[in-house]
Amino acid sequence: MARRVLLIEDEPNIIEAVSFILSRDGWTVHTHSDGLSAVERVRAHPPDLVILDAMLPGRSGFDILQELRGDPALRALPVMMLTARGQARDRDLAMRLGASHFMTKPFSNAEVLDRVRALAGG
């Protein structure tokens, strides 16, 4: 059975690029673009990995990450923050809130694939 990743992102070109990279590697990619209902989506269909944008409509990725880490059932779920906001304070906040990895846009296809494989345990 294919491993599942949930990409929580609102930029169509990023959704298309990441979906293509991962699906070509055998991942089943689900997407979600609304920050307000993102945590409910994760709870309803827990993926093997979440890729989470920092800036989303309705609610920030940082708030979503904090809620995921506060839920005992989702605390260990790998979450990779993927954001255009590459400042050190954003990286520090993401890691303090429990991000498994922090990656900035633009990114290389190989970098995304390598990191997703590592976070999902191979």
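From a predicted model like this one, the values you see are computed outputs, not experimental measurements. (Residues numbered from 1 in each chain as written. Predicted model: local features only at pLDDT ≥ 70, side-chain atom pairs only at ≥ 80, totals over all residues. Heavy atoms only, no water.)

Undergrad: Is there a simple way to think about the UniProt feature "domain: Response regulatory" (unreviewed entry) in the protein chain in this case?
TA: As annotated in UniProt, the feature "domain: Response regulatory" (unreviewed entry) corresponds to residues 4–120 in the numbering used here. Helix makes up 44% of residues 4–120 and strand 21%, whereas the separation of the span's terminal C-alpha atoms amounts to 10 Å. (UniProt positions renumbered as here; feature names shortened; annotations may be inferred. Helix = DSSP H or I, 4+ residues; strand = E, 2+ residues; numbered from the N terminus.)

Undergrad: I'm lost on the UniProt feature "modified residue: 4-aspartylphosphate" (unreviewed entry) in the protein chain in this one. Help?
TA: In the UniProt entry, the feature "modified residue: 4-aspartylphosphate" (unreviewed entry) is given for Asp53. Its location among the elements puts aspartate 53 in strand 3 (residues 49–53). Overall, the relative accessible area of 2% leaves aspartate 53 in the buried class. In this structure, aspartate 53 is in contact with Ile8, Glu9, Asp10, Gly61, Met81, Leu82, Thr83 and Lys105, ignoring residues within four places of it in sequence. (Buried < 20%, exposed > 50% of the residue type's maximum accessible area, 1.4 Å probe, protein only. Contact = heavy atoms within 4.5 Å.)

Undergrad: What is the right way to read the pairing of strand 4 (residues 79–83) from this model?
TA: Walk down a regular strand and you will see the side chains alternate between the two sheet faces. Burial within strand 4 is extensive, with 5 of its 5 residues counted as buried. By the alternation rule, side chains of strand 4 split into Val79, Met81 and Thr83 and Met80 and Leu82, which are all buried. Regarding topology, helix 3 (residues 61–70) serves as the crossover connection from strand 3 to the parallel strand 4, and that connection is right-handed. Here 4 bridges tie strand 4 to strand 5 (residues 101–104), and the two strands are oriented parallel to one another. Among the inter-strand pairings, threonine 83 is bridged to a residue of strand 5, identified as threonine 104. After leaving strand 4, the chain enters helix 4 (residues 88–97) and then returns to the sheet as strand 5, a path that is right-handed. (Right-handed = clockwise from strand over helix to strand, strands pointing away. Pairing = 2+ DSSP bridges.)

Undergrad: Before we go on, may I ask you to explain the nonpolar core in this structure?
TA: By size, the foremost hydrophobic cluster in this structure holds 21 residues, and its most contacted members are Ile8, Val42, Val50, Leu52 and Met81. Residue assignment for this core shows that the elements contributing at least two residues are strand 1 (4–8), helix 2 (38–44), strand 3, helix 3, strand 4 and helix 4. The element best represented in this core is helix 3, accounting for 4 residues. Not counting residues within four places of it along the chain, the set of residues in contact with leucine 52 comprises Ile8, Gly61, Ile64, Leu65, Val79, Met80, Met81 and Leu82. In this structure, Val18, Ile21, Met80 and Val112 belong to the second largest nonpolar core, which totals 18 residues. (Core = buried A, V, L, I, M, F, W, Y, C linked by side-chain atoms within 4.5 Å.)

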